[in-house]
Amino acid sequence: VQLQASGGGLVQAGGSLRLSCAASGRTFSSYAVGWFRQAPGKDREFVAAIRWRGLSKYYADSVKGRFTISRDNAKNTVYLQMNSLKPEDTAVYYCAAVRDSRGTDSYSVHEYDYWGQGTLVTVSS
């Protein structure tokens with residue numbers, strides 16, 4: 001599976017962006033997908049994840065109520081809608097994928113086998 005993240009950019013605080021993670025491969029619908037972010041000097045951290053059917057979604061506490069993850073398996077794409085952005089959301093955002101199973105730990109950066117190249121989100125105050 002190859003992943004391509006896009007949609008980052010510069011936005012003012014309170015604004016919105018939608019990130020996309022486009023995947024190659026005909027079996028993408030069987031993969032769980034996560035979004036992670038990494039700010040300068042910090043570790044990569046979990047943001048949101050969605051299981052293969054899209055019925056289970058998980059969010060970091062810091063983004064709950066502001067970010068929404070969704071997927072369109074027909075388009076092999078996962079989205080991250082980010083609203084009410086804050087300066088502390090500034091980071092490089094990465095999407096990642098792992099073949100889904102009952103034991104998948106959607107929160108763990110170590111769980112994922114495939115990673116996109118990252119897209120930069122900058123939120124100005």
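Residues numbered from 1 in each chain as written. Predicted model: local features only at pLDDT ≥ 70, side-chain atom pairs only at ≥ 80, totals over all residues. Heavy atoms only, no water.

### Describing the side chain of N76
And step 1. Relative to the helices and strands, N76 is located in the loop between β7 (67–72) and β8 (77–82).
And step 2. Apart from residues no more than four positions distant in its own chain, N76 is found in contact with C21, A22, A23, S24, G25 and F28. (Helix = DSSP H or I, 4+ residues; strand = E, 2+ residues; numbered from the N terminus. Contact = heavy atoms within 4.5 Å.)

### Some points on the sheet that holds β7
And step 1. The 4 strands are arranged β1-β3-β8-β7 in an open sheet whose pairing can be described as antiparallel. This sheet does not close on itself; its edge strands, each paired only once, are β1 (3–6) and β7. The average angle at which neighbouring strand axes cross in this sheet is 15°, direction not considered.
And step 2. Note: strand β3 (residues 17–23) against β8, 6 bridges, orientation antiparallel. (Pairing = 2+ DSSP bridges. Axes fitted to C-alpha atoms, helices over the stretch in contact; angles between N-to-C directions.)

### What about the side chain of R66?
And step 1. Mapped onto the elements of the fold, R66 is located in the loop between β6 (57–59) and β7.
And step 2. Judged by relative accessible area, R66 falls into the buried class, the value being 9%.
And step 3. For R66, the side chain forms a polar contact with the main-chain oxygen of S62, separated by 2.8 Å.
And step 4. Not counting the four nearest positions on each side in its chain, R66 is found in contact with Q81, M82, N83, S84, L85, K86 and D89. (Buried < 20%, exposed > 50% of the residue type's maximum accessible area, 1.4 Å probe, protein only. Polar contact = N/O pair within 3.5 Å; in protein donor to acceptor, adjacent residues only side chain to side chain.)

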